[in-house]
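# Summary of the model geometry
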2 protein chains.
Amino acid sequence: MLRSFATRNLLRSFARQSRNYSVKLTSESYDVKRGNYASLTESDVQYFNSILSANNILQDKEDLLFYNEDWMRKYRGSSQLVLKPKTTEQVSQILKHCNERNLAVVPQGGNTGLVGGSIPVFDEIVLSVANLNKVRSFDEVSGILVTDAGVILENADKFVEGHGYIFPLDLGAKGSCHVGGVVATNAGGLRLLRYGSLHGTVLGLEVVLADGTIVNNLSTLRKDNTGYDLKQLFIGSEGTLGVVTGVSILCPPRPTAVNVAFLGLESFEQVQRAFVKAKKELGEVLSAFECMDNTSQSIVEEHTDLSRPLSEQYPFYVLIETSGSNKEHDDAKLETFLENAMTEEIVVDGVVAQDSTEIANLWQWRELIPEALGKGGGVYKYDVSIPLPQLYDLVVDVNKRLIEAGVVGDTPEYPVIATAGYGHIGDGNLHLNVPVRFYDKKVEKLLEPFVYEWISKVSGSISAEHGLGFAKRNYIGYSKDEQLISLMKGVKNMLDPKKILNPYKYI
Amino acid sequence: MLRSFATRNLLRSFARQSRNYSVKLTSESYDVKRGNYASLTESDVQYFNSILSANNILQDKEDLLFYNEDWMRKYRGSSQLVLKPKTTEQVSQILKHCNERNLAVVPQGGNTGLVGGSIPVFDEIVLSVANLNKVRSFDEVSGILVTDAGVILENADKFVEGHGYIFPLDLGAKGSCHVGGVVATNAGGLRLLRYGSLHGTVLGLEVVLADGTIVNNLSTLRKDNTGYDLKQLFIGSEGTLGVVTGVSILCPPRPTAVNVAFLGLESFEQVQRAFVKAKKELGEVLSAFECMDNTSQSIVEEHTDLSRPLSEQYPFYVLIETSGSNKEHDDAKLETFLENAMTEEIVVDGVVAQDSTEIANLWQWRELIPEALGKGGGVYKYDVSIPLPQLYDLVVDVNKRLIEAGVVGDTPEYPVIATAGYGHIGDGNLHLNVPVRFYDKKVEKLLEPFVYEWISKVSGSISAEHGLGFAKRNYIGYSKDEQLISLMKGVKNMLDPKKILNPYKYI
């Protein structure tokens, strides 16, 4: 709650303002062939009218715009129909009909994804869960929240805050994204280091399968060893196996004390040493360990009027956050850690925020990176997991490759501005970003498949938290072998044999 | 590491000494019909001899005893062959052969389960992973451990302790159970409150499927959103979908300070208030919140020579453990919590351990319960999850029902000694135990299906952490509906179409 603002929301409003140019259709940009699905007929619409009230059926072209385009304006579909059911039963009726009629469907949450996963590619029906927006129950003793899928993440967090709890996941897009969407995409975000992944915190799901079957696994139990944990399949399935309509999740007590320190370090080795030290000395109160290279910070400096937190520049910066139940104790732990880290020359320089404004200011140096990197024209973005010791090597290698190819420079004729690396280092998750003045086939060819092959060699993941969606659908093979992919196809085939759910994406 | 000893290991040695009577065959006790599997032939054994060295193939009756019986001596099979492969490749060759030949197989770890899940029912081949016992790798920076499935839990924990980390799961049976076994059964245990479930901490698995396919998903990445998270299916599948041969798991930094307090409370409502308060005030250092009723404590007192920690008796006791990185801070937090809890009259009385011996002594009052309850003759045991507010009502209702039926008394003619409740209250997990002087059909009929129906009504789980195995195979319907069970069967059918893996169990 102390972050100054939600970056992605800013970007969204920016995108909204510049609607004067139109995004190319995904199917044309990427040369996709329409699947053998039925086309929407008047009688289909009549059927949906018999289920939903008129204001929950959108057919007007202007109304459809939001649902047909992603917020980055990279992907555009040509859906003719958006359905906004208000109950799980309605979702079930809709899917049953679509399955029988062989009509393709794209489930959509807050439409804040980064890989085009919730945008139609052709004329798929958009099934928005935005109207499933009620908190169902909350248990004050256990901290277990049960909510509709369409509740906005920030609202869910505010709701549990009122009871002294915190939603165990936080994201830049929290003001727009849905609880169901973060579950369906297995979002990571800013609290994963502390509260773990959704595979651990989600206790139950209500899901509607492609054929309309309502799977009720909305357990409010922390432990339940009765059979295969099927809900796990839907976490991160990006709407390809079913539509998440309800979520049960364990919320931890809300920390009452928050500290943030911003540190300068000489090398990525020192970053790693600082991480091990922070885990040991800050232990249970460590809640974020974010790393930014100097390139990413210079670009933030260039595109904002913020003053750098540290007077000198360093190759690497680390933002450390502690969240605990006792301010005095947390202050003492942080102070000891910083003293030791300075004495041992792991950290060269650093500042500690004195109040919530300063905390917000320091966070900006991490949170404004994506926006700042985009200001030069465009960005090639990779969101990858790499074993920690090799993590930053990818940035070094890509930078070297681009420089050697002569595409990096300070003047307008060079496409590449720089190569920047930053991310949730505590989770082994790097955001490799290549800001460019203009998109260029040559640069693209230098980056791909080079980046994917590099990641594959170190058994990394080509998508740490953003998912596969449309953007990464062809690259899963770099992170998963044939056996695994074939098993995944088996699961898809079992749950959605007609493949009506979110086609042209994922696997 | 501060617990005084592993209760289950004590019990095991007790069971070993009393081998003079023989356990009835499971198939006869429970009237099971053998499946349509092939029978072992000399040429099968010859084939296995071509893969494994002679000392890893057991056929001698005496040698087979350990593998054919569970440690509680409740279940017995009549396997004629135990195979102990040393490599994943050997596991693959064995399963491929068994699948082709239609030979049934029981995967077995440390054989410490409570529901007969790893014991053959008929002549299934026992596939022991005990010889897959090497740590594969450990990353000092991330704390990620990769290990063979057959590594004993305590050894894995000792290994990571040497690097300042802790295995994120602890169990009474840690001296015998395997890492692979705890994963295959989704064990809960004593650290779940703090470190969460294995669905969150396990990062990757290597699994051999029924047909011998080696599924390599042994990721060492904390975040990976490339495709369905299939490893989750195997966590808690109890050997029915594949044989876990390798585990990758995230280990947290080892706490350097541990405190234990033992409290007396007047009602289960106060227990719940104490839990909420402990979560808030002890926050990030709370690592255990165990509750015991007075019945369970009286029985421990009767069967041991321990003196009660508190001079007066109370209806409920709570054991609170904190684990943190700074003893001084943890002491202060605990002191404040206890002061407030006493002032607010949530807690009536309490003691705090002053050293590791006292910590161990206090833990005994929780850990000796299962053994003590068994001393009177036998125990009807239920391991259930129930929404916290209703959790203890089950004990009250069962007790009332048994008393009203006239089966409870202090003299030898009454089968039931008492009704006791205790457990990992912080996880909503109750162990309902009915200690008896002798097993009695009338008591059994009073308990079942009453207990299961009661749990079903409050949407609880009839098996919180022990699993289904053989013992609970028929009761899953009380916790999961038909849709879910049918999906589970679909998964089983996909991964093990000939049903050679761990038959007669689970679903």
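What counts and what doesn't
Residues numbered from 1 in each chain as written. Chains lettered and ligands numbered in written order. Predicted model: local features only at pLDDT ≥ 70, side-chain atom pairs only at ≥ 80, totals over all residues. Heavy atoms only, no water. UniProt positions renumbered as here; feature names shortened; annotations may be inferred. Helix = DSSP H or I, 4+ residues; strand = E, 2+ residues; numbered from the N terminus. Rg over C-alpha atoms; globule rule 2.2 N^0.38 Å. Buried < 20%, exposed > 50% of the residue type's maximum accessible area, 1.4 Å probe, protein only. Contact = heavy atoms within 4.5 Å. Areas by Shrake-Rupley, 256 points an atom, 1.4 Å probe, with all protein chains shown as cover. Pairing = 2+ DSSP bridges. Expected span 1.5 Å × (residues − 1). Arc of directions from axis to C-beta. Phe/Tyr/Trp six-rings, centres within 6.5 Å; stacked < 30°, edge-to-face > 60°. Lys NZ or Arg CZ within 6 Å of the ring centre and 35° of its normal. Core = buried A, V, L, I, M, F, W, Y, C linked by side-chain atoms within 4.5 Å. Least-squares fit on C-alpha atoms with pLDDT ≥ 70 in both. Domains from an automatic or database assignment. Buried area = accessible area lost by both parts, 1.4 Å probe. Axes fitted to C-alpha atoms, helices over the stretch in contact; angles between N-to-C directions. Salt bridge = Lys/Arg side-chain N within 4 Å of Asp/Glu carboxyl O. Polar contact = N/O pair within 3.5 Å; in protein donor to acceptor, adjacent residues only side chain to side chain.

- Looking at an unreviewed UniProt entry, one finds chain A named D-lactate ferricytochrome C oxidoreductase and attributed to Geotrichum candidum.
- The record held by UniProt for chain A lists under Sequence similarities (unreviewed entry) the comment "Belongs to the FAD-binding oxidoreductase/transferase type 4 family."
- The record in UniProt for chain A states the following under Catalytic activity (unreviewed entry): "(R)-lactate + 2 Fe(III)-[cytochrome c] = 2 Fe(II)-[cytochrome c] + pyruvate + 2 H(+)".

### Notes on the overall build of chain A
- Scanning chain A from terminus to terminus reveals 19 helices and 16 strands.
- For 507 residues, the compact-globule estimate of 2.2 N^0.38 gives 23 Å, and the C-alpha radius of gyration of chain A, at 23 Å, lies within 12% of that figure.
- Seen through its C-alpha atoms, chain A measures out along the principal axes to roughly 75 × 60 × 45 Å.
- Put simply, chain A has 507 residues, and 62% of those count as buried.
- Contacts spanning at least 24 positions in sequence make up 75% of the contacts within chain A whose residues lie at least 6 apart.
- Carbon together with sulfur atoms contributes 48% to the accessible area of chain A, which is approximately 18,300 Å² in total.

### With respect to the pairing of strand E11 (residues 286-293) of chain A
All names here are of chain A.
- Judged by how many residues are buried, E11 sits mostly within the fold: 8 of 8 residues are covered.
- Examined bridge by bridge, E11 and strand E12 (residues 316-324) share 7 bridges and lie antiparallel to one another. Within E12, the residue paired with Asp293 across the bridge is Phe316.
- Where E11 meets strand E15 (residues 420-424), 2 bridges bridge the pair, whose relative direction is antiparallel. Note that in E15 the partner of Met292 across the bridge is Tyr422.

### Overview of helix H16 (residues 393-404) of chain B
All names here are of chain B.
- Between the first and last C-alpha of H16 there are 16 Å, a value that for 12 residues agrees with the 16 Å anticipated at 1.5 Å per step.
- Taken residue by residue, H16 has Leu394, Val395, Val398 and Leu402 as its buried positions. The buried residues of H16 all sit within an arc of 95 degrees when viewed along its axis, so they share a single face.
- Positive phi shows up at Gly406, right after H16, with a value of about 75 degrees.

### Description of the packing of aromatic side chains
- Tallied over the full model, the rule gives 41 aromatic pairs over all chains.
- With centroids separated by 5.0 Å and ring planes inclined at 55 degrees, the aromatic side chains of A:Phe275 and A:Phe289 adopt a geometry described as tilted. One end of the pair, A:Phe275, is in helix H11 (residues 268-281); the other, A:Phe289, is in strand E11, with 14 residues separating them in the sequence.
- Under the relative-accessibility criterion, A:Phe275 is labelled buried at 2%.
- Ring geometry for A:Tyr506 versus B:Tyr228: centroids 4.8 Å apart, planes at 40 degrees, classification tilted. Within this pair, whereas A:Tyr506 is found in the segment after helix H19 (482-495), its partner B:Tyr228 is found in the loop between strand E8 (214-217) and helix H10 (231-234), the two belonging to separate chains.
- An aromatic cluster is defined as three or more aromatic residues linked by ring pairs; in this entry it consists of A:Tyr382, A:Tyr452, A:Tyr475 and A:Tyr478.
- In this structure, A:Arg473 packs its charged tip against the face of A:Phe470, placed 3.8 Å from the ring centre.

### A word on the nonpolar core
- Ranked by internal contacts, the top residues of the largest apolar core, which has 248 residues, are A:Phe289, A:Ile320, A:Leu394, B:Phe289, B:Ile320 and B:Leu394.
- The residues contacting B:Ile320, other than those within four sequence positions of it, are B:Asn259, B:Val260, B:Ala261, B:Leu263, B:Ala278, B:Leu282, B:Leu286, B:Ala288, B:Phe289, B:Leu334 and B:Phe337.

### Things to note about the relation of the copies chain A and chain B
- Taken as rigid bodies, chain A and chain B are interconverted by a rotation of 180 degrees and an axial shift of 0.0 Å, the fit giving an RMSD of 0.0 Å. Given the turn and translation reported, the copies of this chain are related as if by a two-fold rotation axis. The position closest to the rotation axis in chain A is occupied by the C-alpha of A:Gly200, lying 2.0 Å away.

### Regarding unusual backbone geometry
All names here are of chain A.
- For the bond running from Glu448 to Pro449, omega is 5 degrees, close enough to zero to count as cis.
- For Pro449, the location among the structural elements is in the loop between helix H17 (441-447) and helix H18 (450-457).
- Positive phi is not limited to glycine here, since Tyr504 has a value of about 70 degrees.
- Examined against the element boundaries, Tyr504 turns out to sit in the segment after H19.
- Its identity is not glycine, yet Tyr506 carries a phi of approximately 65 degrees, on the positive side.

### Brief notes about the side chain of B:Ser118
- Note that B:Ser118 resides in the loop between strand E3 (105-108) and strand E4 (125-128).
- Aside from chain neighbours lying at most four places away, what touches B:Ser118 is B:Val106, B:Pro107, B:Gln108, B:Asn111 and B:Lys505.

### Topic: the domain arrangement of chain A
Residue and element names in this part refer to chain A.
- Domains assigned within chain A are domain 1 (21-128), domain 2 (135-250), domain 3 (257-371) and domain 4 (376-466).
- For domain 1 versus domain 2, the separation of C-alpha centres amounts to 23 Å.
- Contacts between the two partners involve 13 residues from domain 1 and, on the opposite side, 16 residues from domain 2.
- Roughly 1,100 Å² of surface becomes buried between domain 1 and domain 2 when both sides are summed, with 68% attributable to carbon and sulfur atoms.
- Of all residues in domain 1, Thr88, Leu95 and Thr112 give up the largest surface area on contact with domain 2, accounting jointly for 38% of the area buried on that side.

### Re the sheet that holds strand E6 (residues 144-148) of chain A
All names here are of chain A.
- With antiparallel pairing, 5 strands are arranged side by side in an open sheet as E5-E6-E9-E7-E8. Each of the sheet's edge strands pairs with one partner strand only, and the pair in question is strand E5 (135-139) and strand E8 (214-217). Strand-to-strand twist across the sheet, computed as the mean angle between neighbouring axes with direction ignored, equals 10 degrees.
- Bridge count for strand E7 (residues 202-209) against strand E9 (residues 242-250) is 7 bridges, and the pairing is antiparallel. In the sheet register, Val207 faces E9, and the bridge partner there is Val244.

### Quick notes on the environment of B:Gly460
- Relative to the helices and strands, B:Gly460 resides in the loop between helix H18 (450-457) and helix H19 (482-495).
- In this structure, the C-alpha to C-alpha distance between B:Gly460 and B:Cys98, residues 362 residues apart in sequence, is 38 Å.
- In this view, B:Gly460 contacts A:Leu221, B:Ser385, B:Ile455 and B:Ser479; residues no more than four positions away in its chain are not counted.

### Here we look at H19(B)
- Between its terminal C-alpha atoms H19(B) stretches 20 Å, which fits the 20 Å expected from 14 residues at 1.5 Å a residue.
- Within H19(B), burial applies to B:Leu484, B:Ile485, B:Leu487, B:Met488, B:Val491, B:Lys492 and B:Leu495. Axial view of H19(B): buried residues confined to an arc of 160 degrees, hence all on one face.
- In this structure, the buried side of H19(B) is in contact with E7, E8 and H19 of chain A together with strand E7 (202-209) and H10 of chain B.

### A short note on the interface of chain A and chain B
- Counting residues at the interface gives 94 residues for chain A, matched by 93 residues for chain B.
- When chain A packs against chain B, close to 6,900 Å² is buried across both sides, 60% of that on carbon and sulfur atoms.
- Interface area lost by chain A to chain B is led by A:Lys223, A:Asn225 and A:Tyr228, which between them contribute 15%.
- On inspection of chain A and its partner chain B, the count reaches 8 salt bridges.
- Residue B:Glu465 is joined to A:Lys223 by a salt bridge in which the shortest nitrogen-to-oxygen separation is 2.8 Å.
- The tally of links from chain A across to chain B stands at 48 residue pairs in polar contact (both at pLDDT 80 or more).
- Mapped by element, the contributors of at least two residues to the side of chain A that touches chain B are helix H8 (192-195), helix H9 (198-201), E8, helix H10 (231-234), H11, helix H13 (327-343) and H19 of chain A.

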